[in-house]
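# Residue-level structural notes
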Amino acid sequence: MAAVPGAAQARDGDRTAAHPETAAAAADTTAAYSDTTAVGVHNAYEQSAYRYFADALDSGAGLLEIDVWTNSLGGGWRVSHSNPLGNANNCENAASPAELRTKPRNQSLAGCLADIRAWHEANPGHRPVMIKIEMKDGFNDRGGRGPDEFDALVDRALGDAVFRPADLMGGHATPDEAVRADGWPGRDALAGRFVLELIPGTVEEANPFDSLWTDREYAGRLRDLAASGRLREATAFPAVHKAEAGDPRTTRYADPALRPWFVVFDGDATAYVQGGIDTAWYDRRHYLLVMTDAHLVPPAIDGTSPGEAEARARVELLAGRHASITTADWHPLPSVLATVLPRG
């Protein structure tokens, strides 16, 4: 499988670097989104990875991750890795493309979404980008930060730039029915669009008092919106989090009515590769499979700055194991991040 070379990453404050998304999309623009393997960046919102989130978007990566906190100890939708009370990130709340890389950082989720919108306006027809949102401590519906407020926030910022569950479903009853019948649209059809993935957060999953995690809560919203004819309001795809053999939905969700609302799966690459899991099962059904910590699959390679050949070989390995997107902290390697390969 031949990778597609990307251009150099935009440097801090430098808008003259080429945009590698153009090269990445050239791999096979007609291939279905679910028939290709792309590369993503873990915690792309951190300042140690990119000075500005616009730089992350310029990198050519097929997935960028954002961590969000909603607890009542702080206000709003906070974006931070380890500070549950405030914002610590590279987002700047740009109101237009001209403001990218010009304003103070450490903004809320609304500020990150504003940057995504401004970058989108500056780069029409850009590669499809998955925005993976880890809800660190889950939704906070009582605090006004529930799934409905999340959708409203995303809709105000990104509008029709978001590829939604309703777009995927067409005339089908559920996302599962839609992808198994028709698959995902081609990469060319998704040009200029963002796909939002929601996963439960590490704090949420470790909280013994939290029995309604992000995945189940948002899937319930999708089901209820569809029943009331309002599915268009939904902006994201909940993911089944963590690798598991068989169909993990059957053991994860006691309510069978929730299961068909999951067509995105997300877990540790090593578990998928070495855990006796039939990853071709996901590919045959056109489900998206996000494999994280690609660098840790034996033999482990550097998680941030491996050799380019090593990183490309790892992407090729995981593409062969049916990953839709594989992630690491390889922000210094824009040509690897821009890689798009055939899946399987």
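Residues numbered from 1 in each chain as written. Predicted model: local features only at pLDDT ≥ 70, side-chain atom pairs only at ≥ 80, totals over all residues. Heavy atoms only, no water.

The protein chain carries the name Lipoprotein in an unreviewed UniProt entry, which gives Streptomyces pactum as its organism.

### Comments concerning the overall build of the protein chain
Broken down by element type, the protein chain carries 13 helices and 10 strands. Relative to the 2.2 N^0.38 estimate, which gives 20 Å for 344 residues, the radius of gyration of the protein chain is 18 Å and therefore close to what a compact globule would have. Principal-axis analysis of the C-alpha atoms gives the protein chain an extent of 50 × 45 × 40 Å. Relative to its 344 residues, the protein chain shows a buried fraction of 58%. Counting contacts in the protein chain only where the partners sit at least 6 residues apart, residues at least 24 apart contribute 69% of the total. Surface accessibility of the protein chain: about 12400 Å² in total, with carbon and sulfur atoms responsible for 51%. (Helix = DSSP H or I, 4+ residues; strand = E, 2+ residues; numbered from the N terminus. Rg over C-alpha atoms; globule rule 2.2 N^0.38 Å. Buried < 20%, exposed > 50% of the residue type's maximum accessible area, 1.4 Å probe, protein only. Contact = heavy atoms within 4.5 Å. Areas by Shrake-Rupley, 256 points an atom, 1.4 Å probe, with all protein chains shown as cover.)

### Describing the pairing of strand β6 (residues 236-241)
Within β6, 6 of the 6 residues are buried, which leaves the element mostly enclosed by the surrounding structure. Side chains A236, P238 and V240 of β6 all project onto a buried face; the interleaved residues F237, A239 and H241 project onto the opposite face, where all are buried too. With 3 bridges connecting them, strand β5 (residues 194-200) and β6 associate as parallel partners. Within β6, the position partnered with L198 by the bridge is P238. (Pairing = 2+ DSSP bridges.)

### Here we look at the pattern of salt bridges
One pass over the full model with this rule turns up 23 salt bridges. Of the charged contacts in the structure, one is a salt bridge between E205 and K242, with a shortest N-O distance of 3.6 Å. A residue pair is termed long-range when its members are at least 10 positions apart, and E205 in helix α7 (residues 202-206) and K242 in the loop between β6 and α9 (248-252) qualify at 37 residues. We note a salt bridge from D283 to R343, for which the minimum N-O separation is 3.9 Å. Of this pair, D283 sits in helix α11 (residues 280-284) while R343 sits in the segment after β10 (341-342), and the two are 60 residues apart along the sequence. Classification of D283 by relative accessible area gives buried; the value is 13%. The exposure class of R343 is buried, given its relative accessible area of 8%. Bridged by salt links that share partners, the residues D151, R221, R230 and E233 form one connected network. (Salt bridge = Lys/Arg side-chain N within 4 Å of Asp/Glu carboxyl O.)

### With respect to unusual backbone geometry
Note the cis peptide between P298 and P299, where omega equals -5 degrees. Summarising the element assignment, P299 is placed in the loop between β8 (288-292) and α12 (308-320). In this structure, R101 is a non-glycine residue whose phi angle is positive, near 65 degrees. Tracing the sequence through the fold places R101 in the loop between β3 (78-79) and α3 (109-122).

### Quick look at the pairing of β5
Two faces belong to every sheet, and in a regular strand the side chains alternate between them. Within β5, 7 of the 7 residues are buried, which leaves the element mostly enclosed by the surrounding structure. Where strand β4 (residues 129-135) lies against β5, 7 bridges are found, and the strand directions are parallel. The partner of I133 across the bridge, within β5, is L198.

### Focus on helix α8 (residues 214-227)
Compared with an ideal rise of 1.5 Å per residue, which puts 14 residues at 20 Å, α8 spans 20 Å between its outermost C-alpha atoms and is within 8% of the ideal. Those residues of α8 that fall on the buried side of the exposure criterion are T214, D215, E217, Y218, A219, G220, R221, L222 and L225. (Expected span 1.5 Å × (residues − 1).)

### Things to note about the packing of aromatic side chains
Applying the stated rule across the entire model yields 15 aromatic pairs. Both rings, one in F163 and one in F237, keep their centres 6.5 Å apart while their planes meet at 20 degrees; by these two values the pair is stacked. Taken as a pair, F163 in the loop between α4 (147-158) and α5 (165-169) and F237 in strand β6 lie far apart in primary sequence, 74 residues in all. Here the aromatic rings of W281 and Y282 are separated by 4.9 Å at their centres, their planes lie at 90 degrees, and the arrangement is edge-to-face. Taking relative accessible area as the criterion, W281 reaches 13% and is therefore assigned buried. Residue class for Y282 comes out buried when judged on its relative accessible area of 1%. Grouped by ring-pair contacts, the aromatic residues F265, Y272, W281, Y282 and Y287 constitute a single cluster. Between the NZ or CZ atom of R105 and the centre of the ring of Y52, over which it lies, the distance is 5.8 Å. (Phe/Tyr/Trp six-rings, centres within 6.5 Å; stacked < 30°, edge-to-face > 60°. Lys NZ or Arg CZ within 6 Å of the ring centre and 35° of its normal.)

### Quick word on the environment of G146
Along the chain, the position of G146 falls in the loop between β4 and α4. Considered as a pair, G146 and G303 are 157 residues apart in the sequence and their alpha carbons are 34 Å apart. If near-sequence neighbours (up to four positions away) are discounted, G146 is found in contact with W77, F139, N140 and D141.

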